[in-house]
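Each chain is listed here by its residues.
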Amino acid sequence: MELLKSIILGIIQGLTEFLPVSSSGHLVIAEHFMRFDKPDMSFDVLLHFGTLLAILLYFRTDIFALLKSLNPSAKGEAVSDNRRVLLYLFIGTIPIGLVGVLLKDPIEALFSNPMVAAIMLFFTGAIVLVSDIVRSRGLEMGKMGVLRGVLIGIGQALAIVPGISRSGMTISTGLFVGLKRDDAARYAFLLAIPAILGATVLDIGSLANIESHYLVRYIAGTVAAFISGYLVISLLLAMVRKQKMKYFSFYCWFVAIATIILLGRGL
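Residues numbered from 1 in each chain as written. Predicted model: local features only at pLDDT ≥ 70, side-chain atom pairs only at ≥ 80, totals over all residues. Heavy atoms only, no water.

Just checking my understanding: could you explain the overall build of the protein for this structure?
Per the secondary structure count, the protein includes 13 helices and 0 strands. Listing each helix as α and each strand as β along the protein from the N terminus yields α-α-α-α-α-α-α-α-α-α-α-α-α. The C-alpha atoms of the protein give 18 Å as radius of gyration, which agrees with the globular expectation for 267 residues (18 Å, within 12%). Across the 267 residues of the protein, 51% fall into the buried class. The contacts in the protein between residues at least 6 apart in sequence include a share of 83% that link residues at least 24 apart. Taken as a whole, the protein presents about 12,100 Å² of accessible surface, with 71% of it coming from carbon and sulfur. (Helix = DSSP H or I, 4+ residues; strand = E, 2+ residues; numbered from the N terminus. Rg over C-alpha atoms; globule rule 2.2 N^0.38 Å. Buried < 20%, exposed > 50% of the residue type's maximum accessible area, 1.4 Å probe, protein only. Contact = heavy atoms within 4.5 Å. Areas by Shrake-Rupley, 256 points an atom, 1.4 Å probe, with all protein chains shown as cover.)

Listed below in structure tokens is the structure:
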């Protein structure tokens, strides 16, 4: 039964990590109602690592282009844009890195409180709804500037709280500061790479100490997160492009209300 729960939670993570509905919020709520047995945060970290692998595979062309721009002999406008994107990614990762290091224990405590996740889903829904109304100013991510990179990074840092969607905050902030819709979504995915990788490194101790009887289900959950995450990326990119993010707002509010009602009944 625990193996099946791990796979279900992995699928939930993969589907909700990239959709603007908060994967962490869904995991907190789902783990509570499923009475899922986990000794620490290591399971959630591995699920996020599974979605990281999905990003690396899906955006491999973009990633290779960014890495090739590090070659000092490379020239051209595209190379210059990619170098600036790397700078923005570095700067944008600083806020969530500081929050993760300085507030690690208080944040982890929130992951045992499904009511917090439910309340924050209301906030996520509101932000995503407003972002769908914003008119794009057509700014490319390679030319957005340091300040915009910092603002998007702050948006991502807020999403460390369960119930606040990382993809929802980064895409929405990107749209608020004027990025093209496609670029806002692509940049959000690229910005997730150092954030998820950093979270994995911070919890490497708990990962190294996973007991053997947890190992199989943890791996199963990670694989499920990778597969479902990879399959959903194209859907999100299309919905951002067509300004259909608002549908996720209604979903967030539905889940939040349903969770609060169930918690109120003592479930």
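Any chance you could explain the packing of aromatic side chains here in plain terms?
Here the structure, examined in full by the defined rule, presents 5 aromatic pairs. Taking the centre distance of 5.6 Å and the plane angle of 65° together, the rings of Tyr 58 and Tyr 230 count as edge-to-face. Placement of the pair is Tyr 58 in helix α3 (residues 42–58) and Tyr 230 in helix α12 (residues 212–241), with a sequence separation of 172 residues. Judged by its relative accessible area of 28%, Tyr 230 is partly exposed. Judged by centre distance (5.9 Å) and plane angle (55°), the rings of Phe 250 and Trp 253 are tilted. (Phe/Tyr/Trp six-rings, centres within 6.5 Å; stacked < 30°, edge-to-face > 60°.)

Just geometry here; none of it tells us what the structure is for.
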